[in-house]
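# Structural overview for review
Here are the chains, one letter per residue:
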Amino acid sequence: MRIYRTPKAMQRASRQWQRDGSKIGFVPTMGYLHAGHISLVAAARKRVGPKGRVVVSIYVNPTQFAPHEDLSTYPRDLPHDLQLCREAKVDAVFFPTDAVMYPGREAGEYSTYVAEEQVSQGLEGVSRPTHFRGVTTIVAKLFNCVLPDVAVFGAKDWQQAAVIRRMCVNLDFPLKIIVAPTHREADGLAMSSRNVYLTPREREQAPVLWRSIEWCRRRVREAGELPAATLIAEVQKLIQTESTGRLDYAAFFEGDSLKTVEMVTRGNHMAIAVFLGKVRLIDNGRI
Ligand code: AMP
């Protein structure tokens, strides 16, 4: 497994693979890898085949964190990440520094960003207004470094995948976006690098996000359809009675367009964000 540290070195390797006729599958991550990330690696391998190349990037992107968010404490464990990548038969890891990804940023001389202005506005975009501009910027840059044929994103970050998809269509990125299912712990909690922040008590309560989604699914399937406002009030109550958490938002929308629905029916999508102590967890699922 090779490790590349600069855009130029990564591009050089990718161009060579292209000349050799190898398809390139790409999994962008912020590291602190878990089985969810590795399931994306497996999805990438499936797409590019045994002769293809699978690249994982590990980069905690500063521009997608607001000043009050957890950039400085975001968990990191490179040796463990590399071990998991080796075991998963990853061909190359792209592990750049801030200095090579955002040259001159500290001095105020980095000035180019990519912004999607529609799909990124609701849901996470309300709670984290600068987040997706950072995501689209770094993902566009990573695509320019890795030059993938296929990139795999997790359904865990449903809106992120939709924003990236729109960016690729609008900016003519010549690659295919795959969205792989959310990997969960046995109790339903979606795997996330941020779960490590949870206290034992919060960890016990954390499956309340998934239980809320399952609750709404059951309610809608029994009733045929229900107003979003009714479900949101019920979720609010569920979170209050089953945890010390605070609901940031629960939202119902069309899975593809992310357009909000007032009346929820089977096949619609739900997203939820909850603060458990200082930790903000998100999850989503089909209703
Ligand atoms: P992150 O390192 O959290 O930025 O995530 C990198 C990629 O892994 C994103 O496409 C995420 O959606 C995906 N991912 C994170 N957690 C999971 C999970 N539990 N199951 C599937 N994919 C995930």
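Calculation criteria
Residues numbered from 1 in each chain as written. Predicted model: local features only at pLDDT ≥ 70, side-chain atom pairs only at ≥ 80, totals over all residues. Heavy atoms only, no water. Near = heavy atom within 4 Å. Polar contact = N/O pair within 3.5 Å; in protein donor to acceptor, adjacent residues only side chain to side chain. Areas by Shrake-Rupley, 256 points an atom, 1.4 Å probe, with all protein chains shown as cover. Helix = DSSP H or I, 4+ residues; strand = E, 2+ residues; numbered from the N terminus. Nonpolar A, V, L, I, M, F, W, Y, C, P; charged D, E, K, R; others polar. Domains from an automatic or database assignment. Buried area = accessible area lost by both parts, 1.4 Å probe. Salt bridge = Lys/Arg side-chain N within 4 Å of Asp/Glu carboxyl O. Core = buried A, V, L, I, M, F, W, Y, C linked by side-chain atoms within 4.5 Å. Buried < 20%, exposed > 50% of the residue type's maximum accessible area, 1.4 Å probe, protein only. Contact = heavy atoms within 4.5 Å.

## Details of the site of the ligand
- Close to the ligand lie 17 residues, the nearest being H37, G154, D157, H183 and M191.
- At 2.6 Å from an oxygen atom of the ligand is found a side-chain nitrogen or oxygen belonging to D157.
- In this structure, a nitrogen atom belonging to the ligand sits 2.8 Å away from a main-chain N or O atom of M191.
- In isolation the ligand has 480 Å² of accessible area, and contact with the protein removes 92% of it.
- Among the secondary structure elements, those contributing two or more residues to the shell around the ligand are β2 (24-29), α2 (35-48) and β5 (150-154).
- Counting residues per element, the shell around the ligand draws most heavily on α2, at 3 residues.
- Taken together, the residues that form the shell around the ligand break down as 7 nonpolar, 8 polar and 2 charged.

## Brief notes about the domain arrangement of the protein chain
- When its domains are assigned, the protein chain resolves into domain 1 (2-180) and domain 2 (193-286).
- Together domain 1 and domain 2 conceal approximately 1,500 Å² of surface at their shared face, both sides included; 54% is due to carbon and sulfur atoms.
- Counting across the interface, domain 1 meets domain 2 through 2 salt bridges.
- We note a salt bridge from R280 to E124, for which the minimum N-O separation is 2.9 Å.

## Considerations on the nonpolar core
- Counting residues in each nonpolar core, the largest one holds 43 residues, and the members touching the most others are V55, F94 and F143.
- Listed by contribution, the elements that provide at least two residues to this core are α1 (7-19), β2, β4 (92-94), α6 (131-146), β5, α7 (158-171), β8 (246-253) and β10 (269-276).
- It is α6 that provides the largest number of residues to this core, a total of 9 residues.
- Mapped onto the domain boundaries, this core takes at least three residues apiece from domain 1 (2-180) and domain 2 (193-286).
- Setting aside chain neighbours within four positions, we find V55 in contact with M10, W17, I24, G25, F26, V27, A92, F94 and V146.
- V208, V220, A250 and F252 belong to the second largest nonpolar core, which has 26 residues in total.

## Some words on the pattern of salt bridges
- Scanning all chains against the criterion turns up 10 salt bridges.
- Its salt-bridge partner being R219, residue E234 comes within 2.7 Å of it at the nearest N-O pair. Of the two residues, E234 sits in helix α10 (residues 228-242) while R219 sits in helix α9 (residues 208-223), which places them 15 residues apart along the sequence.
- The exposure class assigned to R219 is partly exposed, which follows from its relative accessible area of 23%.
- With its nearest N and O atoms 3.0 Å apart, the salt bridge here joins R280 to D248.

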